[in-house]
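Descriptive structure summary
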Amino acid sequence: MKFSTQDLTYIKRCFELADKGRGFVSPNPFVGTVIVKDGSIIGEGWHKNFGGAHAEVIAVESSNEEIKGATLYCNLEPCCHFNKQTPPCVPLIISKEISRVVISNLDPNPNVNGNGVKQLRKAGIRVDTGILEDEGKEVNKFYFKYVIEKVPYITIKIAQSIDGKISADKDVQTWLTGEDSVKYVHQLRDRYDAVLVGANTIKVDDPRLTVREVKGRDPIRIIIDGDLSVSPDSNIIKLTGDEKTWIFTSENSHQEKIEQFEKLGIKIFQLPADKKKLDLDGILKELGKESITSLLVEGGRQIFSQFISQELFDEIVILQSPKILGKGISAFETNGIKKLKIKKTERLGEDLKIVLVDRQ
Ligand code: AOF
Ligand code: ZN
């Protein structure tokens with residue numbers, strides 16, 4: 001339709017730029033902007049950190065050329081609302097006399113949601129929307145869910161054997177996947193606001209849940225621990241730098257224990273519990289209030305089972321190792337058959353990555 005090969009090239013560049021904000025802009029979206037005049041890029045920018053300048057502003061400021069008459073590409077509709085961290089972008093675009101704006105997605109934020117486009121058009125600017133719309137939604141899948149539902153986008157990550165086992169026995173740590181998969185998991189951690197595990201995984205695996213195998217920043221580490229049973233000596237409790245650990249526990253957990261953890265720098269959330277079992281919806285709402293837009297669920301079996309049987313996931317990533325365990329425990333215990341759809345498969349060294357989504 002209305003999009004040329006050049007349009008496609010420039011919007012793809014916006015996606016690349018947007019991606020650089022990952023890990024730093026939450027709960028804001030990932031946004032990249034390219035300004036083009038007479039067939040060449042005269043300005044570029046991306047939203048770098050929460051509270052910082054928007055992609056459009058940075059792109060305009062990066063340009064040494066006359067912007068009047070240029071085309072501005074942006075993966076997200078420019079904002080037009082006030083009472084937030086920064087001034088709106090639409091008035092800036094209008095004042096620079098940009099003649100065309102090309103965007104992938106309308107901003108689902110109810111304060112914008114088409115109003116940015118309307119204001120630009122009213123000012124006589126040609127606005128073309130919907131270029132590589134699905135790719136744009138994929139880039140901002142965290143934001144798209146969070147801004148509407150106020151709970152994080154949830155990815156469940158499971159490493160398993162060919163015969164579908166996550167460990168050789170209950171409470172036994174079993175290493176299944178190869179180096180490339182480990183790197184990939186660290187990449188995921190770098191991209192997600194938070195990672196979550198159950199107390200049992202802490203006891204059995206004593207993981208750090210940090211980003212070590214790739215360059216990146218650590219996610220917030222969250223433990224669900226109904227009776228506050230994790231050891232203060234666990235790796236995840238020993239904070240050595242900027243790492244953050246949060247524990248969700250029951251309202252009935254002992255105050256003394258809570259204080260002991262708080263003294264170590266751990267943030268404790270107390271929620272109502274049914275026989276020490278916390279309500280996941282309550283946890284997710286609490287995370288939403290804390291501006292957590294994306295959550296990587298890393299185990300173990302009880303946690304996987306609860307998230308899956310309550311349909312609390314957006315994606316499941318299986319890291320399939322070519323090992324046969326023969327005996328052991330499987331990733332979930334669910335009631336009945338659940339049909340999923342394969343979204344993507346990819347070879348990761350010796351393993352296979354399978355991304356699944358709910359079959360809607
Ligand atoms: C854009 N470009 O780069 C971003 C946008 O608090 P603020 O000022 O950072 O505004 C956040 C809101 O602005 C956010 O909820 C979303 O609607 C929009 N984000 N818009 O035009 C950007 N990051
Ligand atoms: Zn803006």
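Read on for an overview of the structure. Because the structure is predicted, anything quoted here is derived from the model rather than measured. (Residues numbered from 1 in each chain as written. Chains lettered and ligands numbered in written order. Predicted model: local features only at pLDDT ≥ 70, side-chain atom pairs only at ≥ 80, totals over all residues. Heavy atoms only, no water.)

**Comments concerning helix 2 (residues 55–62)**
Put simply, the test is: For the exposure calls, accessible area comes from a 1.4 Å probe over protein chains only, and a residue counts as buried if that area is under 20% of its type's maximum, exposed if over 50%, partly exposed in between. Segments assigned H or I by DSSP are reported as helices when at least four residues long, segments assigned E as strands when at least two residues long, and all are numbered from the N terminus. A contact between two residues is defined here by any heavy atoms of the two lying within 4.5 Å.
A large share of helix 2 lies buried, amounting to 6 of its 8 residues. Turning to helix 2, its buried residues number three or more, namely Ala55, Glu56, Val57, Ile58, Ala59 and Val60. Buried-residue contacts for helix 2 involve strand 1 (32–37), strand 2 (40–46), strand 3 (71–76) and helix 3 (90–95).

**A short note on the environment of Asp38**
Secondary-structure assignment places Asp38 in the loop between strand 1 and strand 2. Sequence separation between Asp38 and Gly69 is 31 residues; the distance between their C-alpha atoms is 9.4 Å.

**Notes on the packing of aromatic side chains**
Geometry of an aromatic ring pair is reported as the spacing of the ring centres plus the angle between the planes. Keep this limit in mind: Aromatic pairs are defined between Phe, Tyr and Trp rings, using the six-membered ring for Trp, whenever the two ring centres lie within 6.5 Å; interplanar angles under 30 degrees are classed as stacked, those over 60 as edge-to-face, and all others as tilted. The criterion for a charge sitting over a ring is simple: Lys NZ or Arg CZ within 6 Å of the ring centre, and within 35 degrees of the ring normal.
Applying the stated criterion across every chain yields a total of 7 aromatic pairs. Ring geometry for Phe142 and Tyr192: centres 4.8 Å apart, planes at 55 degrees, overall tilted. Residue Phe142 is found in helix 6 (residues 141–149), and its partner Tyr192 is found in the loop between helix 7 (179–191) and strand 8 (194–198); the two are separated by 50 residues along the sequence. When its relative accessible area of 3% is taken as the criterion, Tyr192 is described as buried. On the basis of an interplanar angle of 15 degrees and a centroid distance of 4.5 Å, the ring pair of Phe248 and Phe269 is categorised as stacked. Highlighted residues: Phe248 in strand 10 (residues 245–250) and Phe269 in strand 11 (residues 267–271), separated in sequence by 21 residues. Pairwise contacts between aromatic rings join Phe30, Phe142, Tyr153 and Tyr192 into one cluster. The lysine or arginine in question, Lys20, covers the ring of Trp46, its NZ or CZ lying 5.1 Å from the ring centre. In this structure, Lys267 is placed above the aromatic ring of Trp246, and the distance from its NZ or CZ to the ring centre is 5.1 Å.

**Focus on the coordination of the zinc ion (ligand 2)**
Quick note on the threshold: Sodium, potassium and calcium take a 3.2 Å donor cutoff, other metals 2.8 Å, and in both cases only N, O and S atoms count; water is not among them, so sites may look incomplete. Site shape is set this way: if four donors have all angles between 85 and 135 degrees, tetrahedral; if opposite donors are over 155 degrees apart and all others between 65 and 115, square planar for four donors and octahedral for six; otherwise irregular.
Within the protein, the atoms that donate to the zinc ion (ligand 2) are His54 (ND1), Cys79 (SG) and Cys89 (SG), at distances of 2.0 to 2.2 Å. Geometry at the zinc ion (ligand 2) is tetrahedral, judged from the 4 donor atoms that bind it and their angles of 105 to 118 degrees at the metal. Mapped onto the polypeptide sequence, the residues donating to the zinc ion (ligand 2) form the spacing pattern H-x24-C-x9-C. Placement of the pair is His54 in the loop between strand 2 and helix 2 and Cys79 in the loop between strand 3 and helix 3, with a sequence separation of 25 residues. Across the pair, Cys79 and His54 agree in class, each one buried.

**Here's the deal with the sheet that holds strand 1**
Keep this limit in mind: At least two bridges found by DSSP between two strands is the condition for calling them paired. Axis geometry follows a simple rule: fit a line to the C-alpha atoms, using only the stretch in contact for helices, then measure angles between N-to-C directions, giving values from 0 to 180 degrees.
Across the sheet, which stays open at both edges, the 5 strands sit in the order 2-1-3-4-5 with mixed pairing between neighbours. Either end of the sheet is taken by a strand with one partner, and the two such strands are strand 2 and strand 5 (126–129). Averaged over neighbouring strand pairs, the angle between their axes works out to 15 degrees when direction is ignored. The pairing of strand 4 (residues 100–105) with strand 5 spans 4 bridges and is parallel.

**Re the nonpolar core**
The line we're drawing: Side-chain atoms within 4.5 Å are what join buried Ala, Val, Leu, Ile, Met, Phe, Trp, Tyr and Cys residues into a set we call a nonpolar core. Here the bounds of each domain stem from an automatic or database domain assignment.
Counting 42 residues, the largest nonpolar core has Tyr73, Ile223, Val230, Ile237, Ile247 and Phe261 as its most contacted members. Taken together, the elements giving at least two residues each to this core come down to helix 1 (5–19), strand 1, helix 7, strand 8, helix 8 (199–205), helix 9 (255–263) and strand 15 (315–320). The element best represented in this core is helix 1, accounting for 6 residues. Residue-level mapping places this core at the junction of two domains, with at least three residues from each of domain 1 (5–145) and domain 2 (151–358). Excluding anything up to four places from it in sequence, Ile237 contacts Ile223, Val230, Ser231, Pro232, Thr245, Ile247, Phe261, Leu264 and Ile266. Counting 34 residues, the second largest nonpolar core, distinct from the first, contains Val151, Phe269, Leu271 and Phe313.

**Notes on the pairing of strand 3**
Within strand 3, 6 of the 6 residues are buried, which leaves the element mostly enclosed by the surrounding structure. Pairing of strand 1 with strand 3 involves 4 bridges; the strand directions are antiparallel. The residue bridging Val36 from the neighbouring strand is Thr71, located in strand 3. Pairing analysis gives 5 bridges linking strand 3 to strand 4, with the strands arranged parallel. By the bridge assignment for strand 4, Tyr73 is matched with Val102.

**A closer look at empty space enclosed by the protein**
The condition is simple: The pocket and cavity definitions rest on a 1 Å grid over protein atoms only: a 1.4 Å probe that fits but cannot leave marks a cavity, an open set with protein on both sides within 12 Å along at least five of seven lines marks a pocket, and residues lining either have an atom within 4 Å of a point. Grid points are joined across faces, edges and corners, and a volume is the space filled by probe spheres set on the points.
One pass over the full model with this rule turns up 1 cavity of 30 Å³ or more. The calculated volume of the largest cavity comes to roughly 70 Å³. The two domains that each donate at least three residues to the lining of the largest cavity are domain 1 (5–145) and domain 2 (151–358).

**Some points on the side chain of Asn105**
Stated formally: Definition of a polar contact: a pair of N or O atoms within 3.5 Å, with one able to donate and the other able to accept a hydrogen when the atoms are protein atoms, and with sequence-neighbouring residues admitted only if both atoms are side-chain atoms.
Here Asn105 shows up in strand 4. Among the polar contacts listed, one links the side chain of Asn105 to the backbone nitrogen of Lys137, at a separation of 3.5 Å. If sequence neighbours within four positions are ignored, Asn105 has contacts with Asn75, Leu76, Glu77, Glu133, Gly136, Lys137 and Phe144.

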